[in-house]
Amino acid sequence: MKNAIKKFDYISVLKYALLTALYLLFSSIGNEVSPYSTSILTASLYLGNSFFFTCFFYVISFLILGKNELFLSSLITCFFFAIVKILHKRERFNSKFNYVVFCLLSLIGFILTDTPSFDRNSKIIIVLLTTLLSYFTINASSAITKKGLKIKYDYEELLSIFAVIVFLGLGVCNLLSPYVWKAITVFAILLACYLLRIGLGTFLSVIFGISFAIYYGKVEYVASTLLLGFIADGLNGISRYASSISILAVDYIIQLVFNVYGSYEIYDYLPPLISAILFIVIPNNPLSKLKERLYAFREKQL
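The following refers to the structure shown.

What counts and what doesn't
Residues numbered from 1 in each chain as written. Predicted model: local features only at pLDDT ≥ 70, side-chain atom pairs only at ≥ 80, totals over all residues. Heavy atoms only, no water. Phe/Tyr/Trp six-rings, centres within 6.5 Å; stacked < 30°, edge-to-face > 60°. Buried < 20%, exposed > 50% of the residue type's maximum accessible area, 1.4 Å probe, protein only. Lys NZ or Arg CZ within 6 Å of the ring centre and 35° of its normal. Helix = DSSP H or I, 4+ residues; strand = E, 2+ residues; numbered from the N terminus. Contact = heavy atoms within 4.5 Å. 1 Å grid on protein atoms, 1.4 Å probe; cavity = no way out; pocket = protein on both sides within 12 Å on 5 of 7 lines; lining within 4 Å. Points joined across faces, edges and corners; volume = space filled by probe spheres on them. Nonpolar A, V, L, I, M, F, W, Y, C, P; charged D, E, K, R; others polar. Expected span 1.5 Å × (residues − 1).

## Some thoughts on the packing of aromatic side chains
The full count for this structure, using the stated rule, is 26 aromatic pairs. Between Tyr 264 and Tyr 269, the aromatic rings sit 6.2 Å apart at their centres with planes inclined by 70°, giving edge-to-face as the arrangement. With a relative accessible area of 16%, Tyr 264 lands in the buried category. A relative accessible area of 31% means that Tyr 269 is categorised as partly exposed. An aromatic cluster of at least three residues, connected via ring pairs, comprises Phe 212, Tyr 215, Tyr 216, Tyr 221, Tyr 252, Tyr 261, Tyr 264 and Tyr 269. Here the basic side chain of Lys 182 rests over the ring of Tyr 261, its NZ or CZ set 4.4 Å away from the ring centre. Sitting over the ring of Tyr 194, Lys 291 keeps its end group 4.5 Å from the ring centre.

If you want it as structure tokens, here you go:
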């Protein structure tokens, strides 16, 4: 533990702050705070992050969310992974499939402990969904940290990244606000349409829209974000300003014509407005360099 604390530099602070944020968001995927964040814990341990800090912030996250009834089951989960760590002496144990199984087994404590907010059937569903999520989080985090922009992602890794984005959006909508996810979505669409080749930004807009569709129970949200992506993709060739202004106008027209959002008050207009402003004020130089790097990466994979 002393060695872990000595190595705790500012990069580690940022890393574990991000990890804690992911714990909070993934625990909030459903209407009730649940141990879906065990999938993040599993991925973090698979990547070889500090066992102490990974488990510490995992347990603390439930207390932050006020879900004290999950405190005991979270300790049991960490205890299980501690046993895995002790017994983990052979390389064959360090496979993605094994860690998905570990995630499943680590949640036995959640099923057996007394948690008034959950009945037995809901616990089983949560455990199965968390296990599936661990498959996505392990694949996505492994691909991003190990490959970066050096090696092309395979379809399994891309699927996992897209799935993580969808569930992340659900967590943001439940824990923070759907307006926060709206701001993130609009900014991501504008950025993706500017940096990536035509069509990819539009495709990514659908991924972000799926979170809204699940949260609101309305598939129309996928169509609305798809339209925003289509407009941004088409006008980015003209200028960033044109795509930003147009996406604001189209978002309002979507409500005016199709009544997707139910209403369009000032708080509906602010998220895309803030995102558009942030996108516009980003200096051209770093964006151009990133675009060139992405282009070189794409060319290298052809």
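## Side note on helix H6 (residues 96–106)
Residues spaced three or four apart along an α-helix face the same direction, because each turn holds 3.6 residues. Taken as a whole, H6 has its buried residues at Asn 98, Tyr 99, Val 100, Phe 102, Cys 103 and Ser 106. Buried residues along H6 sit against helix H3 (38–46), helix H5 (71–87), helix H7 (108–112) and helix H8 (120–146).

## Topic: empty space enclosed by the protein
Applying the stated rule across the entire model yields one cavity of 30 Å³ or more. Roughly 30 Å³ of internal volume is contained in the largest cavity. Lining the largest cavity are Pro 35, Thr 38, Tyr 58, Phe 62, Leu 70, Ser 73, Ser 74, Thr 77, Leu 107 and Phe 110. Elements supplying a minimum of two residues to the lining of the largest cavity: helix H4 (51–64) and H5. Looking at which element gives the most residues to the lining of the largest cavity, the answer is H5, with three residues. A per-class count over the lining of the largest cavity returns six nonpolar, four polar and no charged.

## Focus: the side chain of Thr 202
Along the polypeptide, Thr 202 turns up in helix H11 (residues 200–216). Accessibility expressed as a relative area gives 12% for Thr 202, which makes it buried.

## Some words on helix H2 (residues 10–27)
The terminal C-alpha atoms of H2 lie 26 Å apart, and with 18 residues this matches the ideal 26 Å at 1.5 Å per residue to within 8%. Buried residues belonging to H2 abut H3, H4, H8 and helix H9 (155–175).

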